[in-house]
2 protein chains.
Amino acid sequence: MGKAITGREEDYSQWYNDLVIKGSLADYSAVRGCMVIKPYGFTLWENMRNQLDKMFKETGHVNAYFPLFIPKSLFEAEEKNAEGFAKECAIVTHYRLKSDPSKSGKLMVDPEAKLEEELIVRPTSEAIIWSTYKNWIQSYRDLPLLINQWANVVRWEMRTRLFLRTAEFLWQEGHTAHATREEALEETEKMLGVYADFVEQYMAVPVIKGIKTPNERFAGADETYCIEAMMQDGKALQAGTSHFLGQNFAKAFDVQFSNKENKLEYVWATSWGVSTRLIGALIMAHSDDQGLVLPPRIAPLQVVIVPIYKGEEGKKIVDEKARWIVNELKGKGISVKYDDDDTARPGWKFAEYELKGVPVRIALGQRDLEQNVAEVARRDTKEKQTVSLDNLVNEVEKLLEDIQQNMFNRALLFRKEHICQADTWEEFVQALDKGNFVMAHWDGTSETEEKIKETAKATIRCIPLNNPQESGKCILTGNLSKERVLFARAY
Amino acid sequence: MGKAITGREEDYSQWYNDLVIKGSLADYSAVRGCMVIKPYGFTLWENMRNQLDKMFKETGHVNAYFPLFIPKSLFEAEEKNAEGFAKECAIVTHYRLKSDPSKSGKLMVDPEAKLEEELIVRPTSEAIIWSTYKNWIQSYRDLPLLINQWANVVRWEMRTRLFLRTAEFLWQEGHTAHATREEALEETEKMLGVYADFVEQYMAVPVIKGIKTPNERFAGADETYCIEAMMQDGKALQAGTSHFLGQNFAKAFDVQFSNKENKLEYVWATSWGVSTRLIGALIMAHSDDQGLVLPPRIAPLQVVIVPIYKGEEGKKIVDEKARWIVNELKGKGISVKYDDDDTARPGWKFAEYELKGVPVRIALGQRDLEQNVAEVARRDTKEKQTVSLDNLVNEVEKLLEDIQQNMFNRALLFRKEHICQADTWEEFVQALDKGNFVMAHWDGTSETEEKIKETAKATIRCIPLNNPQESGKCILTGNLSKERVLFARAY
């Protein structure tokens, strides 16, 4: 096996990279910090995107497209937002190359083609979108605006990791405009719910919904809601955020509407996004030392059929049955591949599809066919069973649902086993070191939060929604606290 | 009518802009040369994209994603390609902003964050993709690679027009790698065929397939195939291109594979693309002085129902019937909107949906309902008919197909009436002035082609595929020629 991957225990970080690269999801590129999403990884993203897009449309949103570039003067209009992203902006300063007179066949930036105003490659699109909404919104009749965009964005990160943190990534960003604060808050929470449903029901990853502390808020938001997922090393991964932006962008871009009483008011805003980072979460939540484990509802390929036979005559018999199974499964909307490549042995194929996380593998053996059965293996538990061909299609369909459920339950159980309370600093650090989410008291100040981050390398992931109120003492300062918050080390 | 649009005869160019802006397809943005694609326009693009994507997948292609940025050293590797795009490249030179010490609250480019190597925002992705393919291709077993990418690209155009020529646009770019010249050529032609099928069958725009002259070839291609469409002013619009790239990129990036005889060979390449420019073609091929006329197969909205009633009781009766029709149409997969907004009059709505090009409008009148009928209007011919509610759904379904066919036939007839031969320079210029495509002899030299372009403002759109061979004399020089080529003024 040329593609053996590093074990989780041995080197978690290398295990992750091996899964991404050897599992054919993505590859490094020639551009610093940017990755290539390979066809297998991109199909996974397409499946995720299509489902999310459907959910956005079902909740009344429409897609649009706004420019990649943001003129600097617009970018800096909402000061907190600008300040938050200034340090990681790719900046276009010129619009032409010319032949380099000193090097034949080489090009240089044409100094005469300098832009009057620099353009920022969007790290997020609030600025360009709200400068546009100004022209679209005059009256309460123009509201709400419920718009989403699928796009690439660029954030110049110094330390990058495939999917988790790359200079360019793909995402969607919803940008909505509302007449009232209440309606905008409702939207913020609704979209958090959509994200949670998607991640739990399609990615099979349980999440904790909550609100960020002011320190961890999106730059320019009044409130940031988030969903937090647990990875197999006990670290947290922020899987999606939904921001209540108040009237900050409306004020920065002077977007007012005349209300029913014909008075001018500033518009209320939300924005919300998930990105290709979710693929990182998916990998780390489910995979094992044999490779990826992908949930059936979004797997690029749900079923693979591997033939086992001797000679031409044997192949013919197996081929015929395989074609029939392929047709039947496709008829049920199940994606299936018949891998009859005769240059690779079945054992090699088994390992390959295990590595790639294909949920169900059917081994179609010439001898088994004589008894009208096939061997069906599920990727999540690696269990195999012998199934009569008469029931095969129904069994596979049930199995896919079962795998989906089992993956979620397993991840949920893992999380239950790795979430605890801590009441002393020692307990707190110990629990983190053992790879736990920790519910602990915090005195509510940014200073304490910062100090905990520096000392224990853990951040407040969120204040969970519907958090039970319970008086206690801050884990660090001993000051009074009215509720526990969720701490974890995080990606 | 606040939204009246300029007539075609009055000012064709303003007519086009009015359709785009007032038809809610797109808007100008705060970024020079970049547009905002509005939800209605974006849904149109989604419909086009989804159909094309399906056709690409049916022909064996898969999607992937490559970086937005291309390091200058990679960009310049294929010299002809680099030279062809050098003058219109947006260039990233810095990766950080900082507070401007001289202006409170403002930002400036941080001079200390200058990139060692400049990054080109992709105008097309051959360079970044072939630098990646180098790592993916070792043996003939790795071929063919049939990959497509949906992406944004940037070409710094000096004179921009909504959809037709914008600094940033959306497109797809296929990039395939093959073991033999024949296979690559076959792919080039196959994808041209896919484009032609899509534009004719879905956009209802007839196209002429052909090959570009060396002058008009894609920079870096050995041969460029194209489809050319006729607009209502008789000008041509290049609707799609498919390039046979030979071994140019394989040589520039040293991409070799070991063939079955275990010898190293350079890989053969194709690339092919269509863009949001197609929306410009769609608008100019079909629309009229009342607004957009959109073909049913890709229209964002296929049917609109407008209620006509008096009083609450009347509304209730009409509402109930409308809901039934909406359900029936949706059941047939037809997109439909019931516009019961009571703040706008029916006449206003009629004009609005005419402007937006909705193929079928159903006026549901309270009085008509008493007679179990409704008035159905088709956008393409503006004909109205009274249809029994019992047949309504089937009639609408048939009507949508009929509109689709009629739009294609009408455009085809228009083209037949505006394509001619010319044998003298006077005939040639006159025919062009009257808004025709002109088939004329050309002596085959670049010099003559250039001269004709300068003098008559017409370019050789293509040498049509299966072009009849016929000896004659060049329209400009009188030199011998073996075939006529297609000339036109063009977008």
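Residues numbered from 1 in each chain as written. Chains lettered and ligands numbered in written order. Predicted model: local features only at pLDDT ≥ 70, side-chain atom pairs only at ≥ 80, totals over all residues.

When helices and strands are counted, chain A shows 14 helices and 26 strands. Relative to the globule expectation of 23 Å for 491 residues, the C-alpha radius of gyration of chain A, 26 Å, shows essentially globular dimensions. Within chain A, buried positions represent 50% of all 491 residues. In chain A, the proportion of contacts linking residues at least 24 apart, taken out of those at least 6 apart, comes to 67%. (Helix = DSSP H or I, 4+ residues; strand = E, 2+ residues; numbered from the N terminus. Rg over C-alpha atoms; globule rule 2.2 N^0.38 Å. Buried ≥ 20, exposed ≤ 12 C-beta atoms within 10 Å, placed from the backbone. Contact = placed C-beta atoms within 7 Å.)

Attention now moves to the relation of the copies chain B and chain A. Each of the two chain copies can be generated from the other by rotation about an axis followed by a shift along it. For the match of chain B to chain A, the screw axis carries a shift of 0.0 Å, the RMSD comes to 0.0 Å, and the turn is 180°. Both copies are brought into coincidence by an operation consistent with a two-fold rotation axis. It is Val92 of chain B whose C-alpha, among those of chain B, lies nearest the rotation axis, at 2.1 Å. Interface overlap between copies is the fraction of interface residues in one copy that are interface residues in the other; for chain B against chain A it reaches 100%, indicating a shared surface. (Least-squares fit on C-alpha atoms with pLDDT ≥ 70 in both.)

The next point concerns the sheet that holds strand E8 (residues 114–121) of chain B. Pairing is antiparallel in the open sheet, where six strands are placed in the order E4(A)-E8(A)-E5(A)-E5(B)-E8(B)-E4(B). The two strands at the open ends of the sheet, each matched to only one other strand, are strand E4 (69–71) of chain A together with strand E4 (69–71) of chain B. Strand-to-strand twist of the sheet, defined as the mean angle between neighbouring strand axes without regard to direction, takes the value 45°. Two strands pair when backbone bridges link them, and E4 of chain B and E8 of chain B are joined in this way by three bridges, in the antiparallel orientation. Among the inter-strand pairings, Ile70 of chain B is bridged to a residue of E8 of chain B, identified as Ile120 of chain B. (Pairing = 2+ DSSP bridges. Axes fitted to C-alpha atoms, helices over the stretch in contact; angles between N-to-C directions.)

Let us look at helix H9 (residues 311–331) of chain A. Residues and elements named next belong to chain A. Given a rise of 1.5 Å per residue, 21 residues ought to cover 30 Å, and the 30 Å separating the end C-alpha atoms of H9 matches this to within 8%. Turning to H9, its buried residues number three or more, namely Val318, Ala322, Ile325 and Leu329. Viewed along the axis of H9, the buried residues span an arc of 60°, placing them on a single side of the element. Residues of H9 that are exposed and angled more than 90 degrees away from the buried face: Glu312, Glu313, Lys316, Glu320, Asn327, Lys330 and Gly331. Of the surrounding secondary structure, the elements contacted by the buried residues of H9 are strand E17 (303–308), strand E18 (336–338), strand E19 (360–365), helix H11 (366–370) and helix H12 (392–417). Where H9 ends, the next residue or the one after it, Gly333, has phi of about 80°, a positive value. (Expected span 1.5 Å × (residues − 1). Arc of directions from axis to C-beta.)

Attention now goes to the pairing of strand E5 (residues 91–94) of chain A. Here three bridges tie E5 of chain A to strand E8 (residues 114–121) of chain A, and the two strands are oriented antiparallel to one another. Its bridge partner being in E8 of chain A, Val92 of chain A is matched across the sheet by Leu119 of chain A. As paired strands, E5 of chain A and strand E5 (residues 91–94) of chain B are joined by three bridges and run antiparallel to one another. Within E5 of chain B, the residue paired with Ile91 of chain A across the bridge is His94 of chain B.

Bringing the interface of chain B and chain A into the picture now. Contacts between the two partners involve 54 residues from chain B and, on the opposite side, 54 residues from chain A. Considered class by class, the residues forming the side of chain B that touches chain A number 33 nonpolar, nine polar and 12 charged. (Nonpolar A, V, L, I, M, F, W, Y, C, P; charged D, E, K, R; others polar.)

Turning next to the sheet that holds E17 of chain A. All names here are of chain A. Here we have five strands laid out as an open sheet, ordered E18-E17-E19-E20-E21, and mixed in their pairing. Among the strands making up the open sheet, the edge pair consists of E18 and strand E21 (384–388). Averaged over all pairs of adjacent strands, the angle between strand axes in this sheet comes to 25°, irrespective of strand direction. Sheet topology note: the E19/strand E20 (residues 373–378) ladder contains four bridges and is antiparallel. Note on E20: the bridge partner recorded for Ala363 is Glu375. Along the sheet, H9 makes contact with E17, E18 and E19, crossing E17 at roughly 170°. The sheet contacts of H12 involve E17, E19, E20 and E21, and relative to E20 the element is tilted by about 10°.

For the rest of this paragraph, the subject is helix H13 (residues 425–433) of chain B. Residues and elements named next belong to chain B. Listed in full, the buried residues belonging to H13 are Phe428, Ala431 and Leu432. Here the buried residues of H13 occupy an arc of 100° about the axis, which is enough to place them on one side. Opposite the buried face of H13, by more than 90 degrees, sit the exposed residues Glu426 and Asp433. Where H13 is buried, its residues meet strand E22 (419–421), strand E23 (437–441) and helix H14 (446–456).

This part takes up the environment of Gly314 of chain B. Residues and elements named next belong to chain B. Tracing the backbone shows Gly314 in helix H9 (residues 311–331). Gly314 sits 52 residues away from Gln366 along the chain, and the two C-alpha atoms are 6.3 Å apart. With residues near it in sequence (within four places) discarded, Gly314 still touches Tyr309 and Gln366.

Counting residues in each nonpolar core, the largest one holds 315 residues, and the members touching the most others are Ala229 of chain A together with Ala229 of chain B. Apart from residues lying up to four places away in sequence, Ala229 of chain A is in contact with Val199, Val205, Val207, Ala236, Leu237, Ala239, Ala281 and Ala285 of chain A. (Core = buried A, V, L, I, M, F, W, Y, C linked by C-beta atoms within 7 Å.)

Turning next to the pairing of strand E12 (residues 223–230) of chain B. Residues and elements named next belong to chain B. Within E12, seven of the eight residues are buried, which leaves it mostly tucked inside the rest of the structure. Of the strand pairs in this sheet, E12 and strand E13 (residues 236–246) are connected by eight bridges, and their pairing is antiparallel. Following the sheet pairing, Glu223 is matched in E13 by Phe244. Where E12 folds back on E13, the antiparallel hairpin that results is connected by five residues, among which Gly234 adopts a positive phi of roughly 80°.

Our focus in this paragraph is the environment of Tyr202 of chain B. Residue and element names in this part refer to chain B. Relative to the assigned elements, Tyr202 resides in the loop between helix H6 (181–201) and strand E11 (207–211). Distance in space between the C-alpha atoms of Tyr202 and Tyr309 is 36 Å, their sequence separation being 107 residues. When neighbours within four sequence positions are excluded, Tyr202 is seen to be in contact with Gln51, Pro295, Arg297 and Ile298.

All right, on to the environment of Val336 of chain A then. Mapping Val336 of chain A onto the fold places it in strand E18. Distance from Val336 of chain A to Ile325 of chain A, taken between C-alpha atoms, is 9.2 Å for residues 11 residues apart in sequence.

Per-residue pLDDT for chain A has a mean of 97; in total, 99% of the residues score no lower than 70. Taken over the whole predicted complex, pTM reads 0.97, whereas the ipTM for its chain interfaces reads 0.97. (pLDDT = per-residue confidence, 0-100.)

Here we come to unusual backbone geometry. With an omega of -5°, the peptide bond running from Leu143 of chain A to Pro144 of chain A counts as cis. Topologically, Pro144 of chain A is positioned in the loop between helix H5 (126–136) and strand E9 (145–154). We note that Asn466 of chain B has phi near 55°; this positive angle belongs to a residue other than glycine. By the secondary structure assignment, Asn466 of chain B is in the loop between strand E24 (459–464) and strand E25 (472–473).

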